[in-house]
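Listed below, chain by chain, are the residues.
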Amino acid sequence: YINDLKSAVLAFTDPLSDESVLGIQAYNATNSRVIVVPVGLYRDIKDFVRPRILSLTTDGGTPSYDALIFSGEILAEAIPRFPDRKFNFIFFSDGDPNVGPSTEADIAAAAQTIKDQGVTVYAIGLGNVKANIIRAVASDPSKAIIVRNSRELEAVYKQIAQRICQSQATPTPTPTPSGS
């Protein structure tokens, strides 16, 4: 599925305008605090977005709690740098939390640290993930998406990009870091 995820993320990032704000974090069993692409204007980071996305690998394990806390910290630093932007966060998981705090309440609390910053949170779950965990991460039920196979990911990321563009006060999307 990792290749389908990479394609989906690239389908999301490739059409961004130079004025879009983007950052990407990844997490796995060994490290839940990986900055794949630091938050910045797309024009300043676009040359290394594609190669860094293409270099992502998996190793099992799902430390969702710490990944969400880390992304909240990244957002807390980024939001003041772009005060005129509405931030969105896309969380992706292909497994239920199983490293560190893992209950629905734990995950909801970690996601709340992002929501409390005024960030809209989309959550995508792949396969047999628990829907209640994905709903706990998302800002509202319409932003909680479960896909049964990885081939559906590109369409989902494109739909989210359209939603973000439609909800922005400015004509360019301003996505924020994504757990993947």
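Every value quoted in this text rests on a predicted model; they were computed, and no experiment measured them. (Residues numbered from 1 in each chain as written. Predicted model: local features only at pLDDT ≥ 70, side-chain atom pairs only at ≥ 80, totals over all residues. Heavy atoms only, no water.)

*Asks:* Which parts of the structure should I look at to understand the pattern of salt bridges?
*Replies:* Where charged atoms of side chains with opposite charge meet at close range, the side chains can pair. In this structure the tally under the stated criterion is 9 salt bridges. R50 is the salt-bridge partner of D14, the closest N and O atoms lying 2.4 Å from each other. On the criterion of sequence distance, the pair formed by D14 in the loop between α1 (2-13) and β1 (21-26) and R50 in helix α2 (residues 42-54) is long-range, its members being 36 residues apart. Residue D14 is classed as partly exposed on the basis of its relative accessible area, which comes to 40%. Ionic pairing is found between E154 and K158, a salt bridge with its closest N-O pair at 3.3 Å. Residue E154 and its partner K158 are both found in helix α6 (residues 153-167); the two are separated by 4 residues, about one turn of the helix. Judged by relative accessible area, E154 falls into the partly exposed class, the value being 31%. Three or more residues are tied together by salt bridges with common partners; here these are E19, R43 and D44. (Salt bridge = Lys/Arg side-chain N within 4 Å of Asp/Glu carboxyl O. Helix = DSSP H or I, 4+ residues; strand = E, 2+ residues; numbered from the N terminus. Buried < 20%, exposed > 50% of the residue type's maximum accessible area, 1.4 Å probe, protein only.)

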